[in-house]
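Observations on chain architecture
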Amino acid sequence: MVVGDFAQGTQVAVIGGGPGGYVAAIRAAQLGLEVTLVERDLLGGICLNWGCIPSKALIHVADLKRQIEHADSLGLITSGVRVDLPKIMKWKDMMVEKLRNGVSSLLAKNNVQVVVGTARLTGDRSFTVEGPDGVHRFEFQHAILAVGSSPLQLPGIPRDGEVVIDSTDALEMTTVPDSLIVVGAGAVGLELGTVYAKFGTRVTMLDGSDKLLPMLDPQIGRVMERALKTFGIELVLGARVLGVNRKDSGAELEYSASGKEQSIVADRILVGIGRRPNTGGIGLEKAGVKMDKRGFVEVDSRMQTSVPGIFAIGDVVTGLMLAHKASYQGKVAAEVIAGQPAAFDGVHVPSVIFSDPEIATVGLTEEDAHSQGIDTKAGLFPFKALGRAMTIGDEGHGFTKVVSDARTGSVLGVHIVGPHASDIIAEGCLAVSSASHVDDLTLTIHPHPTLPESIEEAAEQVEHRAIHIFNPAVLGR
Amino acid sequence: MRQVFRLPDIGEGIAQAEIVEYLVKVGDLVKADQPIVRIETDKAVVELPAPFTGRVVEIPYVPGDTLNVGDPLIIIETDGEVSAEVFRQAADMMPKISRPDEQPAMTLHDPSIPFPGQVLPAERVLATPHTRRLARELNVDITTVRGSGPHGRVTDEDIRKAISQIPSAVPKAPTAAAVQAPATAGFNFEKYGPTRRIPLKGVRKRIAEVMVRSVSTIPHVTHFDEADVTELLAVVDREKALAESRKIKLTILSFLAKAAAAALKEYPALNSSLDEETGELVFKDYIHVGIATDTDAGLMVPVVRDVDRKSILHIASELQELSRKARDRSIDLDDLRGGTFSITNIGAIGGNYATPIILHPQVAILCSMRAQQKPVVREGQVVIRTIMPLTLSFDHRVLDGAEGGRFMNHIIGLLEDPMRMLVDVA
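Residues numbered from 1 in each chain as written. Chains lettered and ligands numbered in written order. Predicted model: local features only at pLDDT ≥ 70, side-chain atom pairs only at ≥ 80, totals over all residues.

1. Description of the overall build of chain A
On a plain count of helices and strands, chain A comes out with 14 helices and 22 strands. A total of 477 residues make up chain A; the buried ones form 51% of that total. Taking the intrachain contacts of chain A between residues at least 6 apart in sequence as the baseline, contacts between residues at least 24 apart amount to 64%. (Helix = DSSP H or I, 4+ residues; strand = E, 2+ residues; numbered from the N terminus. Buried ≥ 20, exposed ≤ 12 C-beta atoms within 10 Å, placed from the backbone. Contact = placed C-beta atoms within 7 Å.)

2. Comments concerning the overall build of chain B
The helix and strand tally for chain B stands at nine helices and 19 strands. Residues classed as buried in chain B amount to 32% of the 426 residues present.

3. Thoughts on helix α9 (residues 323-337) of chain A
Residue and element names in this part refer to chain A. Between its first and last C-alpha, α9 extends 21 Å over 15 residues, near the 21 Å set by a 1.5 Å rise per residue. By the criterion of burial, α9 is predominantly enclosed, with 14 of the 15 residues buried. Looking at the residues trailing α9, positive phi occurs at Gly339, about 90 degrees. (Expected span 1.5 Å × (residues − 1).)

4. Points about the sheet that holds strand β7 (residues 66-68) of chain B
All names here are of chain B. Strand order in this open sheet of four strands is β5-β4-β2-β7, and the pairing throughout is antiparallel. Edge positions in the sheet fall to β5 (45-49) and β7, since each of these pairs with one other strand and no more. Averaged over all adjacent pairs, the angle separating strand axes in this sheet is 40 degrees, with direction ignored. Pairing analysis gives five bridges linking strand β4 (residues 35-40) to β5, with the strands arranged antiparallel. Residue Val37 lies in a different strand from β5, and its bridge partner there is Leu48. (Pairing = 2+ DSSP bridges. Axes fitted to C-alpha atoms, helices over the stretch in contact; angles between N-to-C directions.)

5. Examining the pairing of strand β22 (residues 411-418) of chain A
All names here are of chain A. For β22, a buried count of eight out of eight residues is recorded, marking the element as mostly surrounded by other parts of the structure. Examined bridge by bridge, strand β19 (residues 358-363) and β22 share six bridges and lie antiparallel to one another. Considered in β22, the bridge of Ala360 is made with Ile416. Direction of pairing for strand β21 (residues 399-405) relative to β22: antiparallel, over a ladder of six bridges. Bridge pairing links Lys401 to His415 in β22.

6. Regarding the packing of helix α6 (residues 252-266) of chain B against helix α7 (residues 312-327) of chain B
Residue and element names in this part refer to chain B. Viewed as axis vectors pointing N to C, α6 and α7 meet at an angle of 115 degrees, and their least axial separation amounts to 9 Å. Judged by the sense of rotation from one axis to the other, the crossing of α6 with α7 is right-handed. Residue-level inspection shows Leu253, Ser254, Phe255, Ala257 and Lys258 of α6 in contact with α7, the latter providing Ile312, Ile315, Ala316 and Leu319. Grouping the constituent residues of the contact of α6 with α7 by class yields seven nonpolar, one polar and one charged. (Left-handed = near helix turned anticlockwise from the far one by under 90°. Nonpolar A, V, L, I, M, F, W, Y, C, P; charged D, E, K, R; others polar.)

7. Concerning the environment of Asp405 of chain A
All names here are of chain A. As for its placement among the helices and strands, Asp405 is situated in strand β21. Overall, Asp405 belongs to the buried group, with 23 C-beta atoms counted inside 10 Å. Taking the C-alpha atoms as reference points, Asp405 and Thr376, 29 residues apart in sequence, are found 4.7 Å from one another. If sequence neighbours within four positions are ignored, Asp405 has contacts with Ile374, Thr376, Ser410 and Leu412.

8. Things to note about the confidence of the model for chain B
All names here are of chain B. On average, residues of chain B score 80 in pLDDT, and 82% of them are at 70 or above. Low pLDDT, under 50, characterises residues 80-122; the predicted model gives this stretch 119 contacts beyond four residues in sequence or across chains. Across residues 167-185, confidence stays below pLDDT 50; counting only partners more than four residues off in sequence or on other chains, it has 35 contacts. Across the interfaces of the predicted complex, the ipTM metric reaches 0.75, alongside a pTM of 0.61. (pLDDT = per-residue confidence, 0-100.)

9. Overview of unusual backbone geometry
All names here are of chain A. The peptide bond linking Asp356 to Pro357 adopts the cis configuration, its omega dihedral lying at 0 degrees. Inspection of the secondary structure assignment puts Pro357 in the loop between β18 (351-353) and β19. For the peptide bond that leads from His448 to Pro449, omega is -5 degrees, which places it in the cis range. Looking at where Pro449 falls in the secondary structure, it is placed in the loop between α13 (438-442) and α14 (453-461).

10. Looking at the packing of helix α3 (residues 52-69) of chain A against helix α4 (residues 85-109) of chain A
A packed helix pair is summarised by two numbers, namely the angle formed by the two axes and the spacing between the axes. Residues and elements named next belong to chain A. Between α3 and α4, the least distance of the axes is 10 Å, while the angle of their chain directions is 140 degrees. With respect to their mutual orientation, α3 and α4 come out oblique. The crossing of α3 and α4 is right-handed. Here Ile53, Pro54, Ala57, Leu58 and Val61 of α3 lie close against α4, whose contacting residues are Ile88, Lys92, Met95, Val96 and Leu99. Among the residues making up the contact of α3 with α4, the classes are represented as nine nonpolar, no polar and one charged. (Parallel < 35°, antiparallel > 145°, perpendicular 65-115°, else oblique.)

Set out below in structure tokens:
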């Protein structure tokens, strides 16, 4: 075959094999469509290879280390823990590879054709793939753009992968640095900063805003600030990075905070200030796909772009840059292509930070609701009043909060900071997506002793009637 | 601090608006209450004043963009403390940080940080995801369904009932064609020659919605008749000078409105509305007559209030002002609302008969056509008189043909004998 001469046709082309793309491909295949998936690097995308999955593996190991170190008080006598980072990384890589092979085999069994290479749209029904064996041309009836996002860099301080690193680099380190500066106290910063602090690194965390986690329920930020202190992480808020000077080993970072210019020296600087959509260089303009001012692809609730037949999902469209959003949108796009009445509407995207303690939220905070003119009633239940939390040695200040609409009683949001918040939130997601009444939560039996009991108690506390909090106001009523 | 001014809820069911123009630009100082943006809703163009004093730091949209209630219209830097809103906005504008021309600065926050930051639909529908999907499958707009559960929770049953009640919501077969053709596949007009596509929006879109609703819910009956307006035209001619001295253009339309108001008093069913949800007839003790007005943007129906209590010259003067405002798009939304009956006059354009569509939730509309000289028989003699055809469409759920006919006769009686308006009309 003369390379480039012959265009292969496909019913559905999925560009990008991350948690949005591969899910879309499998769903489309389930619905009887012929699917070609193009991935330029590894199946599973950032999430599986350099994001959610490997970071959770490291977090697990770091937690385990800390638990062992603090097991004395529980009656476990241990004799010190040593970190063998290369070995941890190897275990993590093996686990990631196993999952990646799982994705690959699922795609194969669903008859999805996987093409390795970099795709570029060349028109509204065609693209090329530049792969290891040359350039191939494809024509499609439908395309799903699932090309994801890349980490933002600090202006003037580009990543070098050695000293100035991003989240991917932080998941591949083979030595535990003595000191680490984390720029950005978001999901990446909190998760990886805490991991290395637990491994023994001296961590300084800088963030530009005056409050920690300003988007979340304000009480969550306060709990987290206290938690960071217990790990010896120094948090600098309201900071502005001025520049970086490379040293023999490491670098000096200059910043201003509370009106003063200061500097810190550290082995590594981890930049986790957000991500931008990968909309450049993939031929969107050739196809006529419109982007908004911020570089996100514009889509309607059916995930369709300005070009009929071309869909976009996940990080390249506006909204939270989270894997589960991408997967959901991938299924919507596949179903719409197959003629089903799917839509991404009325959907609430939950979000989780695997910090210590974990943070998980879904729906509206009280502030969100008030800004939309909705009166709220909220109930908060602290984990320190929950038996199960005690049995797993949680001595933190976390809580579960249920926010409800004061008029209708429906659940607007659930906000958790505490042990296994990432698991507990699932019930909150169902409550919010189903517009459950608060009573639906209080009248459901939650097994004892478990952490999700905190949802039941927080829901009861909306009417000041949680059992494990003394509520004098309702006494005798 | 940065304050975000969001598209406010501007009233009755208006969920969207299109930006016509911004009256300020980034960097401008604005004072509270100074008009800053002109927007076009379904009904009219309105100017929105700034809610706070400060400097414009960002204008997120351009003229032509369509916004939903709650979308940010403009961002103004004011003095004061920082709110969560500001952070949200900052997050939205995140990619700014990578601009090389700016002083290296840390971002306010990491947009990959999960945060709720979610906006409920303007009206939150209480329904499970399963019910929402059922609504999509049956092509029912769930936001329009009245839920039968507590606090209006919408059940599967409500969705199924909604289809049987809304004739227009015929369950559409899922677009299976989407598999073969683009998901938007519709008619292939281009096959037969070049075409242009213009989105249906603003006034045009609103007209389309109202008309579909009206025709699909109201069983229309249209009654035809004609009035001898020879004497009435003589009165119009005679009083023109007086009207002109007050800068009023007197036409037959004001007499028609007055006559209709008198007839509506006599036959109040035509001034009522049917509340489809409660199954009640709502009789209104006021008579506000909408007058269909042709504008560049399409049909608008400004409303003259309390027609029964105003003189004909007064009606003419208001009508003149309202149609001017409708045409230059400066009309207040309030002037387009609250009509209890409508009149449409196609006389200036021509034609003998038309079957007007009732403006839901009104129950009747009167249409007058061109008055022309015609040979007619009076007392056994053929004479030339000026005849104006009239048609009345009414809602057969609310009244029957006999009442519609009597209503028309009452109007014709007044038009044919203008003196009676003086003698018999309050």
